[in-house]
Amino acid sequence: MNRLLLAPRNLSWFGRVPVVALLLIVVVLAVVPLLGSKYLAVFLSNIFMYVVITVSWMIFSGATRYVSLASAAFFGIGVYTAAGLGTKLPLVELLAIGGVFSLCFALLVGAVTLRLRGIYFAMFTLGLVEFVGTFLRWWEVNFSGRVGRLVPYVDYLTVYYLMYIILVAALVAAYLIRRSKFGLALQSIGECEEAAEHIGVNTTLVKVAAFAISAFFMGTAGVVMAGRWTYIDPKIAFNLQLSFLPVLMAIFGGMGQLYGPVFGAVVFAYLEDFLLTRLPYFYMLIFGSVMVVTVLYLPDGLVGIIQKWHNRGWGRAHART
């Protein structure tokens, strides 16, 4: 698993050009709903959701190499925040509260569990999703007499722009963290946690803080998407796919640069939409096959392959001169 999370970090022009292209795409996306169809806006909102969850997952797991499978839990907390408080609070306040609820839950869980490492941490976070979902199902059946809940409807343009704002905020946060002392501390934990402790890094505090930041963005995304779905239940809110897909998307795109996970999330979000509408019976089979191929043959993702091709071409050009 560590091999999968090992990422090249050179900052050559090859790494900068896609970042500029990513910024241009972000600017263009601000006006897309004004020019395109309703379907395009809804489709892009779905892609934004996956990008936010994947980039948020990268903030913690990409640097520390702790494979968290708790994404669905934090997203689901945001969904249930919208279901429980959607009729009582404005949407903007609801976003903040949903994000804070997820952040506080991550702080509590992280303080208790981030002393675990490797497969034990991954197993615990996966079990956490099932525990929260099962607990809410039990609570609703025994205390509210129902399983599902209605969520106040949010029109597609509002969903689009809110998800767009969360996406930009998550990208900016990830970019600033990667280039800060806090980001260096996270990377030092990923390289060798014992060495990081010896040089004075409070590894537990740093890990918990990054875990909570990533959970905040996932929670806000859950609040927005709940308004589009209008009906939710524990199975919808705490869908295990939202725990596994961010890991696959990040690995598939490549984690050496910030745009790698973004690229992976966009490709897989489009693939999911295509398979569910055209080949629904082969959806999980094809997804599973892609995951196996990615793990076995693309440890550095598509970005890593492109970078290797670029380096070979650059080396040949220098050899000729």
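Note that the structure is a prediction, hence the values are computed from the model and not measured.

Participant: Break down helix H6 (residues 118-144) for me, citing the residues and quoting the values.
Facilitator: Here H6 contains 27 residues, and its C-alpha end-to-end distance of 39 Å stays within 8% of the 39 Å for a straight helix at 1.5 Å per residue. All of the buried residues along H6 are Phe-121, Ala-122, Thr-125, Leu-128, Val-129, Val-132, Gly-133, Leu-136 and Glu-140. Positive phi appears at Gly-145, one or two residues downstream of H6, with a value of about 75°.

Participant: Tell me about the packing of aromatic side chains, and name the residues and values.
Facilitator: Tallied over the full model, the rule gives 21 aromatic pairs. The interplanar angle of 55° and the centroid separation of 6.3 Å between the aromatic rings of Phe-48 and Tyr-164 together place this pair among those described as tilted. Here Phe-48 is found in helix H3 (residues 38-64), whereas its partner Tyr-164 is found in helix H7 (residues 156-178), with 116 residues between them in sequence. For the pair shown, Phe-48 and Tyr-164 are each scored as buried. Chaining the aromatic ring pairs together yields one cluster made of Phe-60, Tyr-66, Phe-74, Phe-105, Phe-121 and Phe-211.

Participant: Please provide a residue-by-residue account of the packing of H3 against helix H12 (residues 241-253), values included.
Facilitator: Following both chains from N to C, one finds H3 and H12 inclined at 75°, their axes separated by 9 Å at the closest point. Looking at the two axes, H3 sits roughly perpendicular to H12. Contact residues: Met-49, Tyr-50, Ile-53, Thr-54, Trp-57 and Met-58 in H3; Leu-242, Leu-245, Pro-246, Val-247, Met-249 and Ala-250 in H12. Grouping the amino acids of the contact of H3 with H12 by side-chain chemistry returns 11 nonpolar, one polar and no charged.

Participant: Tell me what's going on with the packing of H3 against helix H8 (residues 181-191), and back it up with residues and numbers.
Facilitator: Interaxial distance between H3 and H8 falls to 6 Å at its minimum, and their mutual angle equals 45°. With respect to H8, the element H3 is oriented oblique. On H8, the residues touching Ile-59, Ala-63 and Thr-64 of H3 are Leu-186, Gln-187, Ile-189 and Gly-190.

Participant: Residues and numbers for H7, please.
Facilitator: The first and last C-alpha atoms of H7 sit 33 Å apart over 23 residues, in line with the 33 Å expected at 1.5 Å per residue. If you check which residues of H7 are buried, you get Val-159, Tyr-160, Leu-162, Met-163, Tyr-164, Ile-166, Leu-167, Ala-170, Leu-171, Ala-173, Ala-174 and Ile-177.

Participant: If you had to explain the pattern of salt bridges to someone new, which residues and values would you point to?
Facilitator: Once the charged atoms of two side chains with opposite charge are near each other, the side chains can pair. Overall, the coordinates contain three salt bridges when judged by the stated rule. We note a salt bridge from Glu-191 to Arg-65, for which the minimum N-O separation is 3.0 Å. Here Arg-65 lies in the loop between H3 and helix H4 (71-85) and Glu-191 lies in helix H8, a separation of 126 residues in the sequence. For Arg-65, a relative accessible area of 12% puts it in the buried group. Salt-bridge contacts for Glu-140 lead to Arg-149; the nearest nitrogen and oxygen are separated by 2.6 Å. The exposure classification of Glu-140 matches that of Arg-149, with both residues buried.

Reading the values: the criteria
Residues numbered from 1 in each chain as written. Predicted model: local features only at pLDDT ≥ 70, side-chain atom pairs only at ≥ 80, totals over all residues. Heavy atoms only, no water. Helix = DSSP H or I, 4+ residues; strand = E, 2+ residues; numbered from the N terminus. Expected span 1.5 Å × (residues − 1). Buried < 20%, exposed > 50% of the residue type's maximum accessible area, 1.4 Å probe, protein only. Phe/Tyr/Trp six-rings, centres within 6.5 Å; stacked < 30°, edge-to-face > 60°. Axes fitted to C-alpha atoms, helices over the stretch in contact; angles between N-to-C directions. Parallel < 35°, antiparallel > 145°, perpendicular 65-115°, else oblique. Contact = heavy atoms within 4.5 Å. Nonpolar A, V, L, I, M, F, W, Y, C, P; charged D, E, K, R; others polar. Salt bridge = Lys/Arg side-chain N within 4 Å of Asp/Glu carboxyl O.

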